[in-house]
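Working through the structure, step by step
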Amino acid sequence: MNYETGRATDVNPSSVETRDDFARFLSGVLADFRSEGAAEWENGTLDRFLDGLLAVAEARLVDASTQDQEQASWRLFAELIQGATGYE
């Protein structure tokens, strides 16, 4: 499938609560990257991924409270990683 501007990983971070969940999430993201992500992700290189991660980290999430955005959690880390793969 072709994407006009690329895609983010399709691994869902919503169930990430613990460090083990985060590790499973990262394993899924890596598997997605190795299967088709390198060609399909918006940010499929380290340089672009880190640029996307910076942009996502600086952005404010529309549907999250300020406290949720400032409180570090395994889910927040997973959401940042997911966002970084596709943030333009």
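Let us look at the structure shown here. Remember, it's a predicted structure, so these values are computed and weren't measured experimentally.

Before going further, it helps to spend a moment on the nonpolar core. Across soluble globular proteins, nonpolar side chains have a tendency to be buried as a group. Of all hydrophobic cores here, the largest spans 10 residues; its members are V11, V16, F22, F25, V29, W41, F49, A78, I81 and A84. Of all elements in the fold, only α1 (19-40) and α4 (74-86) reach the threshold of two or more residues within this core. For A84, the contacting residues outside a window of four places in its chain are N43, F49, G52, L53 and V56.

Below, the discussion takes up the pattern of salt bridges. Taken as a whole, this structure holds 5 salt bridges when the rule is applied. Put simply, R7 and D32 hold a salt bridge, and the shortest N to O gap is 2.8 Å. Taken together, the residues R7 in the segment before α1 and D32 in helix α1 connect sequence positions 25 residues apart. Accessibility classification places R7 together with D32 in one group, the buried group. Here R75 makes a salt bridge to E17, at a shortest N to O gap of 2.0 Å. Placement of the pair is R75 in helix α4 and E17 in the segment before α1, with a sequence separation of 58 residues. Put simply, R7, D32 and E40 are held in one network by salt bridges that share partners.

Criteria and thresholds
Residues numbered from 1 in each chain as written. Predicted model: local features only at pLDDT ≥ 70, side-chain atom pairs only at ≥ 80, totals over all residues. Heavy atoms only, no water. Core = buried A, V, L, I, M, F, W, Y, C linked by side-chain atoms within 4.5 Å. Buried < 20%, exposed > 50% of the residue type's maximum accessible area, 1.4 Å probe, protein only. Helix = DSSP H or I, 4+ residues; strand = E, 2+ residues; numbered from the N terminus. Contact = heavy atoms within 4.5 Å. Salt bridge = Lys/Arg side-chain N within 4 Å of Asp/Glu carboxyl O.

Remember, this is a structural readout, not a statement about activity or role.
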